[in-house]
Amino acid sequence: MLNERWNELADVKDELAERDWFMGTSGNLAIKVQDDPLQFLVTASGKDKRKRTDEDFLLVDQYGHPAVPTHLKPSAETLLHVEIYRKTNALCSLHVHTIDNNVVSEVYGDAGVVTFQGQEIIKAFDKWEEDAILRIPIIKNHAHIPTLAKEFAEHIHGDSGAVLIRNHGITVWGRTAFEAKKILEASEFLFRYQLRLLEHKPFQLFKVV
Ligand SMILES: CSC[C@@H](O)[C@@H](O)C(=O)COP(=O)(O)O
Ligand SMILES: [Zn+2]
């Protein structure tokens, strides 16, 4: 099981690296290995996530501490992944910094949310009704990670979802690694769309849905 999960997460990491979503060692990824007690694989802190090595991940427990002795340090943002697995049945959680998610988080940061409606791709979030609205919350980038994780946890409401951290990045989760990746890609599509739209229709910034 551990090996299977390791390879699954390594493959996701390679795909996101191909998109250049790990600039400057940013980003972290996790995949659950077992419940009761919780154990999951998380990226080792500070690594170049574009490289595939056998020190890319380490196993951590329900507190985000290494589950077995290791010289590797868990991601600085491991506590956010802990909150996801504590509150949901998600299997995989992904965090990336992109220019688009940072700019969107700043443009809509004061509102605390960015909304999308009438966009085909919101079906990736399991929203199938014609007038469905997708709301992605935006939280403050607290430097104190336990505080960040606490505020982040208030926006975890299901086995899949997405939360923006202002001028920092996005964290998504899903019932499978495939679903988490789908939500991440769909989010980045929407962010790019929204920023392009604002270039052509600046008044869209004030559209209330
Ligand atoms: C250099 S990126 C800033 C980091 O503090 C963090 O936000 C991040 O995403 C990567 O941290 P990491 O500890 O490698 O998981
Ligand atoms: Zn980060």
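Residues numbered from 1 in each chain as written. Chains lettered and ligands numbered in written order. Predicted model: local features only at pLDDT ≥ 70, side-chain atom pairs only at ≥ 80, totals over all residues. Heavy atoms only, no water.

## A closer look at the overall build of the chain
Inference 1: If you tally the helices and strands in the chain, you get five helices and eight strands.
Inference 2: Scaling as 2.2 N^0.38, a compact globule of 209 residues should have a C-alpha radius of gyration of about 17 Å, and the chain matches this with 17 Å.
Inference 3: Its C-alpha atoms put the chain at 55 × 30 × 30 Å along the principal axes.
Inference 4: Considering only residue pairs separated by 6 or more positions, the chain has 60% of its internal contacts joining residues 24 or more positions apart.
Inference 5: As displayed, the chain has an accessible area near 10500 Å², and 52% of this comes from carbon and sulfur atoms.
Inference 6: Positive and negative charge centroids in the chain, built from 25 and 31 side chains respectively, lie 3 Å apart. (Helix = DSSP H or I, 4+ residues; strand = E, 2+ residues; numbered from the N terminus. Rg over C-alpha atoms; globule rule 2.2 N^0.38 Å. Contact = heavy atoms within 4.5 Å. Areas by Shrake-Rupley, 256 points an atom, 1.4 Å probe, with all protein chains shown as cover. Lys, Arg positive; Asp, Glu negative; His and termini not counted. Charge placed at Lys NZ, Arg CZ, Asp CG, Glu CD.)

## A short note on the nonpolar core
Considering soluble globular proteins, one finds that nonpolar side chains tend to be buried as a cluster.
Inference 1: Counting 41 residues, the largest nonpolar core has L16, L94 and V114 as its most contacted members.
Inference 2: Here this core takes nine residues from helix α5 (residues 177–200), the largest share from any one element.
Inference 3: Each residue touching L94, except ones within four places of it in the same chain, is listed here: V12, L16, N28, L29, H81, I170, T171, V172, A180, K181 and L184.
Inference 4: Among the nonpolar cores identified, the runner-up in size contains 23 residues, and F40, Y85, A149 and I165 belong to it. (Core = buried A, V, L, I, M, F, W, Y, C linked by side-chain atoms within 4.5 Å. Buried < 20%, exposed > 50% of the residue type's maximum accessible area, 1.4 Å probe, protein only.)

## Considerations on the packing of aromatic side chains
Inference 1: With the rule as written, the count across this model stands at four aromatic pairs.
Inference 2: Here the aromatic rings of W6 and F57 are separated by 5.0 Å at their centres, their planes lie at 80°, and the arrangement is edge-to-face. Pair noted here: W6 is in helix α1 (residues 2–18) and F57 is in strand β3 (residues 57–60), with a separation of 51 residues, a long-range link.
Inference 3: Relative accessible area serves as the criterion here: at 3%, F57 is assigned to the buried category. (Phe/Tyr/Trp six-rings, centres within 6.5 Å; stacked < 30°, edge-to-face > 60°.)

## A word on a nonpolar patch on the surface
Inference 1: Where nonpolar side chains cluster on the molecular surface, the patch consists of I99, V103, V107 and L205 and spans about 310 Å² of accessible area.
Inference 2: Note that V107 resides in helix α3 (residues 99–107). (Patch = residues over 30% accessible without salt bridge, like charges linked within 9 Å, V, L, I, M, F, W, Y side chains within 5 Å. Salt bridge = Lys/Arg side-chain N within 4 Å of Asp/Glu carboxyl O.)

## Observations regarding the UniProt feature "domain: Class II aldolase/adducin N-terminal" (unreviewed entry) in the chain
Inference 1: Mapped onto this structure's residue numbering, the UniProt feature "domain: Class II aldolase/adducin N-terminal" (unreviewed entry) falls at residues 7–195.
Inference 2: The span residues 7–195 is 31% helix and 23% strand, and its two end C-alpha atoms sit 35 Å from each other. (UniProt positions renumbered as here; feature names shortened; annotations may be inferred.)

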